[in-house]
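Per-entry structural report
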Amino acid sequence: MLFKKKNPIPKLEQYSCGQQIYNGYLKDIPIRESVILEKSVEFFDDPEPCHIHRGAVRVRLTAEIQLEIENNKDPEIPGPLLKRYANFETIDRCILKD
């Protein structure tokens, strides 16, 4: 078990009005500051999160977004979590790739 196979890091493409607004790793998606602070209080009771708590919040939120996209009937339609968490004005379409 020393050489455990790692899961590939998923990439995400996002579109707004037919224009690509994000193309990168899901783990690097810009998340609204207000959401990070809100979730830091919820998860850690920390209104002024350090980089460790910020990182933990980011990991948890991106995992929620990934599950939402994978469980959506039409995975190209962005769900409410993605729209709420991502720091973009509008998102019309998203594509999750391995």
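See the structure above.
Every chain is numbered independently, its residues counted from 1 as its sequence is written. Since the coordinates come from a predicted model, pLDDT governs what is reported: local features require at least 70, and pairs of side-chain atoms require 80 or more to be given and counted, while whole-chain, interface and lining totals use all residues. Side-chain calculation: all heavy atoms of the structure are included, whereas hydrogens and water are not.

The subject of this paragraph is the nonpolar core. Residues grouped as a nonpolar core are buried Ala, Val, Leu, Ile, Met, Phe, Trp, Tyr and Cys residues, joined through side-chain atoms within 4.5 Å. With a 1.4 Å probe rolled over the protein chains alone, any residue whose accessible area is under 20% of its type maximum counts as buried; one over 50% counts as exposed, and the rest are partly exposed. Within the largest apolar cluster, 18 residues are counted, with the highest numbers of intra-cluster contacts made by Leu12, Ile29 and Leu82. Every helix listed is a DSSP run of H or I at least four residues long, and every strand listed is a run of E at least two residues long, numbered separately from the N terminus. Those elements that place two or more of their residues in this core are helix H1 (33–44), helix H2 (51–71) and helix H3 (80–85). Of the residues forming this core, the biggest block, four residues, is contributed by H2. The contact criterion used is simple: two residues touch if any of their non-hydrogen atoms lie within 4.5 Å. Residues in contact with leucine 82, not counting those within four places in the same chain, are Leu12, Gln14, Ile29, Ile65, Glu68, Ile69, Ile91 and Cys94.

Taking 1.5 Å of rise per residue, the 21 residues of H2 would be expected to cover 30 Å, and the 30 Å separating its terminal C-alpha atoms lies within 8% of that figure. Along H2, the residues that are buried comprise Val57, Leu61, Thr62, Ile65, Glu68 and Ile69. The arc enclosing the buried residues of H2, seen along the axis, measures out at 130°, which places them on a common side. For H2, the exposed residues lying more than 90 degrees away from the buried face are Ile52, Val59 and Asn71. Expected helix span is computed as 1.5 Å times (number of residues minus one). Summarising the geometry, the arc corresponds to the directions from the helix axis toward the C-beta atoms.

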